[in-house]
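Each chain, letter by letter, is given below.
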Amino acid sequence: MSAILIDGKQVAKDIKAELKQKVEILREKGVVPGLAAVLIGDDPASATYVNSKARACEKLGVFSEIIKRPAETTQDEVESIVRELNYRDDIDGILVQSPLPKHLNEFAVTLLIDPRKDVDGFHPHSVGCLLLGRPTFRSCTPYGVIELMRRYDINPTGREVVVLGRSNIVGKPMAAMLMQKNKMANATVTVAHSRTADIAGVCRRADILIAAIGQPLFVKVDMVKDGAVIIDVGINRIEDPSSEKGYRLVGDVDFDACVEKASFITPVPGGVGPMTIAMLLTNTVQSAGRRAGLEE
Ligand code: NDP
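Computed from a predicted structure; not experimentally measured.

Trainee: Tell me about the site of the ligand, and name the residues and values.
Mentor: Surveying the vicinity of the ligand reveals 20 residues, the closest of which are Arg166, Ser167, Ser194, Ile235 and Thr276. Between an oxygen atom of the ligand and a main-chain N or O atom of isoleucine 235, the distance comes to 3.0 Å. In the model, a nitrogen atom of the ligand is placed 2.7 Å from a nitrogen or oxygen of the threonine 276 side chain. Burial of the ligand by the surrounding chains reaches 69%, relative to a free accessible area of 920 Å². In terms of residue class, the shell around the ligand is made up of eight nonpolar, eleven polar and one charged.

Trainee: Describe the side chain of threonine 190, and please don't skip the residues or the numbers.
Mentor: Topologically, threonine 190 is positioned in strand 6 (residues 188–192). Exposure remark for threonine 190: the relative accessible area of 19% places this residue in the buried category. The residues touching threonine 190, leaving out its near neighbours within four places in the chain, are Glu160, Val161, Val162, Val163, Val202 and Arg205.

Trainee: Can you explain the pattern of salt bridges? Please cite residues and give values.
Mentor: It is possible for side chains of opposite charge to pair when their charged atoms get near one another. Inspection of every chain in the model, using the stated rule, returns eleven salt bridges. Here arginine 150 and glutamate 147 are joined by a salt bridge, their closest N and O atoms 2.7 Å apart. Residue arginine 150 and its partner glutamate 147 are both found in helix 6 (residues 140–151); the two are separated by three residues, about one turn of the helix. The exposure class assigned to arginine 150 is partly exposed, which follows from its relative accessible area of 43%. The partner of arginine 151 in a salt bridge is glutamate 147, and the shortest N-O contact between them spans 2.8 Å. Highlighted residues: arginine 151 and glutamate 147, both in helix 6, separated by four residues, approximately one helical turn.

Trainee: Describe the packing of aromatic side chains, with residues and values.
Mentor: The final tally for this structure, using the stated rule, is one aromatic pair. On the numbers, 6.4 Å between centres and 80° between planes, the contact of tyrosine 152 with phenylalanine 264 is edge-to-face. Here tyrosine 152, found in the loop between helix 6 and strand 5 (160–164), pairs with phenylalanine 264, found in strand 11 (residues 264–265); they are 112 residues apart in sequence, far enough to count as distant. What makes tyrosine 152 partly exposed here is its relative accessible area of 23%. Classification of phenylalanine 264 as buried rests on a relative accessible area of 18%.

Trainee: Kindly report on the packing of helix 2 (residues 44–60) against helix 10 (residues 273–291), identifying the contributing residues and their values.
Mentor: In contact at an axis separation of 10 Å, helix 2 and helix 10 are set at 55° when each is read in the N-to-C sense. Here helix 2 lies oblique to helix 10, going by the angle between them. Seen from above, helix 2 lies across helix 10 with right-handed handedness. Here Ser52, Lys53, Ala56, Cys57 and Leu60 of helix 2 come into contact with helix 10, specifically with Ile277, Leu280 and Leu281. When the residues that make up the contact of helix 2 with helix 10 are grouped by side-chain class, the tally is six nonpolar, one polar and one charged.

Trainee: Tell me about the pairing of strand 7 (residues 208–211), and please be specific about residues and values.
Mentor: Burial of the side chains of strand 7 extends over both faces: Ile208 and Ile210 are buried on one face and Leu209 and Ala211 on the other. Note that strand 5 and strand 7 share four bridges and pair parallel. Bridge pairing in strand 7 places valine 163 opposite isoleucine 210.

What counts and what doesn't
Residues numbered from 1 in each chain as written. Predicted model: local features only at pLDDT ≥ 70, side-chain atom pairs only at ≥ 80, totals over all residues. Heavy atoms only, no water. Near = heavy atom within 4 Å. Polar contact = N/O pair within 3.5 Å; in protein donor to acceptor, adjacent residues only side chain to side chain. Areas by Shrake-Rupley, 256 points an atom, 1.4 Å probe, with all protein chains shown as cover. Nonpolar A, V, L, I, M, F, W, Y, C, P; charged D, E, K, R; others polar. Helix = DSSP H or I, 4+ residues; strand = E, 2+ residues; numbered from the N terminus. Buried < 20%, exposed > 50% of the residue type's maximum accessible area, 1.4 Å probe, protein only. Contact = heavy atoms within 4.5 Å. Salt bridge = Lys/Arg side-chain N within 4 Å of Asp/Glu carboxyl O. Phe/Tyr/Trp six-rings, centres within 6.5 Å; stacked < 30°, edge-to-face > 60°. Axes fitted to C-alpha atoms, helices over the stretch in contact; angles between N-to-C directions. Parallel < 35°, antiparallel > 145°, perpendicular 65-115°, else oblique. Left-handed = near helix turned anticlockwise from the far one by under 90°. Pairing = 2+ DSSP bridges.

In structure tokens, the structure reads:
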């Protein structure tokens, strides 16, 4: 039997429609949510990400500002941009687009972001609160995975979840969210990575398999348990001469084979991908709600 497709595009659309209503309520209270994105250098992928975040804000009635500086910008200059944004009343969320040029210390910049505006959830304060089970901004991609599962009634409680990948922005916070003692968590979590022995055997234990390793089509059908839920975070370009662009996007999972064995599966594109911006907007609107006194 073929798995149910998890339609991240639709869920992201639903979330944005819900947020739009919240933004209207905030506006009636005189609060316009604001997101600032700091973009240093001229990496085209970074520029594309930042522009699409700005466009998403615009559609929702969220104020957005892109602070663009050349690649030669110094550490002091980036830090003073962040400090200034911390103090601005019209800015509820600050994101510094990664990667920064090599001469800049990204961690030092992240440390300067006011945790109350850390809508990316990357500040150690946010990460620490996440681990401790305290309310905090959650890293947008894993937060999006939780939200997808919630909206498809996939409850991880008591289930074996295997997270492939241990990056600071996806794998680690994903595992931290799922092991919490709360709803949409309470899972038994295993984190696998490039040094994991018998990764196929580890994957086969998973009731819910979350792949975030950046290796095209890595998860083969014989690594998947019958009826498993498969969440594919990976976004990889592979050559495809038949496509106009010469490439196509695939996930970390061999979708065509695994769709026949899984109970639920996310496609790539159109699965987890669209959720990241939706959750960034969610965090930003929540932050503005706090400014308006509507949220704690
Ligand atoms: P990173 O490169 O930061 O981390 C990759 C992780 O995968 C590492 O922990 C690495 O292990 C592990 N890994 C790599 N190769 C293997 C392998 N052959 N076997 C087992 N583990 C392996 O990647 P990210 O977490 O940033 O991204 C992962 C994927 O998710 C990418 O395809 C990225 O494009 C996508 N992504 C999608 C997003 C979205 O949908 N919006 C957002 C963010 C990422 P080790 O630690 O041992 O090196």
